[in-house]
Amino acid sequence: MRKRTITSAVTAGAVAVALAACGSSTPAPGDNAAEPTTGAAMETTAGGAGGDVGVFTWWAAGSEKKGLDALVKLFKEKYPNDTFVNLAVAGGAGANAKAKLAADLQNNQPPDSFQGHAGAELLDYIDADQIEPVNDVIDALGGDSVFPQKLLDRLTVDGKIYSVPSNIHRANVVWANTAVLKKAGINEVPKDLNAWMADMDKVKATGVATPLSVSGTWTQVQLFENVLIADLGAEGYSGLFDGTTAWDSDEVKQAVADYKKLLTYANTASDGDDWPVATDMVIAGKAAYNVMGDWALAEFTEKGKKEKEDFTYFPTPGTDGVFDFLADSFTLPKGAKNPGGAKDWLMLVGSAEGQKAFNLAKGSIPARTDVPASDFPPYQQSAMEAFKTNEIVSSIAHGAAVSLAWNTDISTAISKFYSTRDDATLVSDLTAAAKKYTS
Amino acid sequence: MRKRAKDRLPGFLLVLPSIILIAIFVYWLIYRNVATSLDQTVTRATKRVLNPGGLANYSKLLGDGEYQHALFNLLVLTVVFVAGTMFFGLLWAVLLEKGVKGEGFFRSVYLLPMAISFIAAGVVWRWLLSPGVGEQAVGLNQLLAMMGLERFQNGWWQSPTQFSMAAMAIPAIWQLSGYVMALFLAGFRGISEDQREAARIDGASEWQLYRHVLFPQLSPIALSALIIIGHMSMKMFDLIYAIAGQNSYKASVPATLMWTQLFAQNNPTAAAVNATILLVLVAIVVVPYLIYTSKSEKGTH
């Protein structure tokens, strides 16, 4: 561990030198526009503020990289004065990147903008005074006339918004194998959890031992949050995070019991497995259902599966009419070398054009509601429709509802529950975690 | 007197760079770590007290149920890991020492796993140690089923028993037994042939030869192996992280907990407390050994 810290400090130092070298050559004229909190019009320079704009992401491969490339291409067209510097760190679904970012921020060498899950996961940075509010950017983009008010509510901390969302994913989707369902004689989408479990019994009767597939710890957290939404409703669920719903209430206890029962239909997973293991079980017909975010769609199409014929999807039973969202977003770090350039980047990320280019490539949906749906494939169209009309709640597993620290405690509790299956301990662990972070 | 100082100066200058480097990168950083562990920290915006400061930081961590669970896991892991590598290392060394054909080949085979990084091996072992049984069996459980040994299938490190961490020692034993074997083999080679011959002439059986002539002479090597494996076990992070992922409760040890504290919980102070305790634990094992070896070295001079 000690060695690791040294290397990251050394690399951070190297980046610092590089950034300092860039920063000195071109003073950023946008500096004065960095006045926080006010809703006043933002000063911008046509063609961009100039200088290098270092953008930190963990989008280094696959569809995410394609999405970033699409954004960069647009950025160059729109802001010819600015030079985009890609500071992406690969690997570990962001875990490596977050470790590197933490070191950079500790050493006061922030990038000009960095990627983070929108919502509560940014609380750690807000708490440490490391990022600036970007209300002026949001307002300049059109505010609640282009972003759903319900989304903005979820992003607001003490009246301020700290990031510009680039894309939205939905976490309460069940992916199902059509052939397995047909064999079990299931033609209808179950209305609630009990009907769903009754369907699972039917699937089991046809010889599929594990109707539901789960994978490593965070996928279990995601399944649990789906059950929480189903049993508590959108309002009750959202109340878990601001203290209006108690974690040891009867509804939560009911959800834990339902979750426990659901796990009896599931396979035995290893804590360390990643999500495709579970999704592949549905593709292979070894399981009927998998609860996964909508990035699972890519796994189906990559394996040559056809919508309706081979697989189908629906909101997790009991959560119809609720959109369990998670989003990537970009921030404005305190002490960024080129805040003017960073705002150019944020303006592009939040623009209708930028959102369309990025999300078409990445397979997610725009956070803006004024991007025409007709340009998107069928699943995205349905998700965009749901996003406009549904109640919006924040995902626990993906950092929208709780801070990373709180999320870690919940994950450990769920991991513990997976081996003990002890309801009372899970409820008391969850209550203790909530007390730690909300008081 | 003056002449001796003059003689020593070049030698001293030669080692000076490493003294400085070690002073900075080992001892000064240990000091920084301990100093950090005593910090009082309050989050800037919400004014939540993260660490009360001083020794209370230590009592807070030591009193934490999660941490105690991790310490217990570490104990189970270390005992099984050390016993396993010593057993297999010694067994293989004795077998090879008997002069089998193709000794070089077997030596490489046993040593090879050590050349693989813990992370790469961990990815494979994550699959081999999959907890599914019956129809879901993959990896080792599937192998057991193929051999007709279904009743031995289990959840490995995810089994419901509190000693499940013993299974995490399997990949570690697989990786490091060859290393212990090499140590013992070198020890055997260091014992002159005369002693065996003398023992045989005196009518010692093969067992008596090993028990009373050879093994006693290997005890310094056994001690070194014990210390090396023991402290590796306490520091083990990468293998466990690769097999169990983040936030696994069943597989948590202080080192994985440290990662969580530092990067997920954004709490360097708690991680420093954890690191200091780990350092003390390792020191308890290593320091007596260092004292012992320096004493015995003085004795031989």
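So, how was this worked out
- Residues numbered from 1 in each chain as written.
- Chains lettered and ligands numbered in written order.
- Predicted model: local features only at pLDDT ≥ 70, side-chain atom pairs only at ≥ 80, totals over all residues.
- Heavy atoms only, no water.
- Helix = DSSP H or I, 4+ residues; strand = E, 2+ residues; numbered from the N terminus.
- Rg over C-alpha atoms; globule rule 2.2 N^0.38 Å.
- Buried < 20%, exposed > 50% of the residue type's maximum accessible area, 1.4 Å probe, protein only.
- Contact = heavy atoms within 4.5 Å.
- Areas by Shrake-Rupley, 256 points an atom, 1.4 Å probe, with all protein chains shown as cover.
- Lys, Arg positive; Asp, Glu negative; His and termini not counted.
- Charge placed at Lys NZ, Arg CZ, Asp CG, Glu CD.
- Pairing = 2+ DSSP bridges.
- Phe/Tyr/Trp six-rings, centres within 6.5 Å; stacked < 30°, edge-to-face > 60°.
- Axes fitted to C-alpha atoms, helices over the stretch in contact; angles between N-to-C directions.
- Parallel < 35°, antiparallel > 145°, perpendicular 65-115°, else oblique.
- Left-handed = near helix turned anticlockwise from the far one by under 90°.
- Nonpolar A, V, L, I, M, F, W, Y, C, P; charged D, E, K, R; others polar.
- Polar contact = N/O pair within 3.5 Å; in protein donor to acceptor, adjacent residues only side chain to side chain.

Engineer: Sorry if this is basic, but what is going on with the overall build of chain B here?
Structural biologist: Along its length, chain B carries 12 helices and two strands. For chain B, the sequential pattern of α-helices and β-strands runs α-β-β-α-α-α-α-α-α-α-α-α-α-α. Against the globule reference of 19 Å for 301 residues, chain B gives a C-alpha radius of gyration of 24 Å, more extended than a compact globule. For the C-alpha atoms alone, the extent of chain B along its principal axes is close to 80 × 80 × 30 Å. Here chain B holds 301 residues, and the buried ones make up 40% of them. Nonlocal contacts in chain B, meaning residues at least 24 apart in sequence, comprise 67% of its contacts between residues at least 6 apart. Within the structure as shown, chain B displays about 16600 Å² of accessible surface, and the carbon and sulfur contribution to it stands at 68%. The averaged location of the 15 negative side-chain charges in chain B is 13 Å from the averaged location of its 23 positive side-chain charges.

Engineer: How should the sheet that holds strand β8 (residues 173–177) of chain A be read in this particular structure?
Structural biologist: Adjacent strands of a sheet form backbone hydrogen bonds with each other and so pair up, either parallel or antiparallel. Residues and elements named next belong to chain A. An order of β9-β10-β8-β11 is seen for the four strands of this open sheet, with the pairing classed as mixed. Unpaired on one side and paired on the other, β9 (212–213) and β11 (311–315) mark the two borders of the sheet. Two elements, β9 and strand β10 (residues 289–291), share two bridges in a ladder whose sense is parallel. Counted as the bridge partner of Ser213 is Asn290 from β10.

Engineer: Please explain the packing of aromatic side chains as it appears in this structure.
Structural biologist: All chains considered together, the criterion is met by 36 aromatic pairs over all chains. Between Tyr237 of chain A and Phe241 of chain A the ring centres are 5.2 Å apart and the planes differ by 85 degrees, which places this aromatic pair in the edge-to-face class. Placement of the pair is Tyr237 of chain A and Phe241 of chain A together in helix α9 (residues 217–242), with a separation of four residues, close to one helical turn. Pair check on accessibility: Tyr237 of chain A and Phe241 of chain A agree, each one buried. For the pair Tyr241 of chain B and Trp259 of chain B, a centre-to-centre distance of 5.2 Å together with 45 degrees between the ring planes defines the contact as tilted. Within this pair, whereas Tyr241 of chain B is found in helix α10 (residues 238–244), its partner Trp259 of chain B is found in helix α11 (residues 254–264), the two being separated by 18 residues in sequence. Assessed through its relative accessible area of 22%, Tyr241 of chain B is described here as partly exposed.

Engineer: Hey, could you run me through the pairing of strand β7 (residues 163–170) of chain A in this one?
Structural biologist: Consecutive side chains along a regular strand alternate between the two faces of the sheet. Residues and elements named next belong to chain A. For β7, the tally of buried residues reaches eight of eight residues, placing the bulk of the element in the interior. Two elements, β7 and strand β12 (residues 322–333), share seven bridges in a ladder whose sense is antiparallel. Looking at the pairing, Ser163 lines up with Thr331 of β12.

Engineer: Hey, could you run me through the packing of helix α3 (residues 65–97) of chain B against helix α9 (residues 206–235) of chain B in this one?
Structural biologist: In a packed pair of helices, the relevant descriptors are the angle between the two axes and the axis-to-axis distance. Residues and elements named next belong to chain B. Remark: α3 packs on α9, axes separated minimally by 10 Å, with the N-to-C direction vectors making an angle of 140 degrees. Considering their axes alone, α3 and α9 lie oblique with respect to each other. Both α3 and α9 take part in a crossing whose hand is right-handed. Across the interface between the two elements, Leu74, Leu77, Thr78, Phe81, Val82, Thr85, Met86, Leu90, Val94 and Glu97 from α3 touch Tyr210, Phe215, Ala222, Ala225, Leu226, Ile229, Gly230, Ser233 and Met234 from α9. For the contact of α3 with α9, a count of residues per class yields 14 nonpolar, four polar and one charged.

Engineer: Even after reading the chapter, I still don't get the environment of Asn177 of chain A, so can you show me in this structure?
Structural biologist: Residues and elements named next belong to chain A. For Asn177, the location among the structural elements is in strand β8. Look at Asn177 and you get buried, because its relative accessible area is 8%. Between the C-alpha atom of Asn177 and that of Met281, which follows or precedes it by 104 residues, the distance is 9.4 Å. Excluding anything up to four places from it in sequence, Asn177 contacts Val282, Ile283, Gly285, Ala287, Ala288 and Asp310. Within polar-contact distance, the side chain of Asn177 engages the backbone nitrogen of Val180 at 3.2 Å.

Fair warning: the whole summary comes from geometry, so function is off the table for now.
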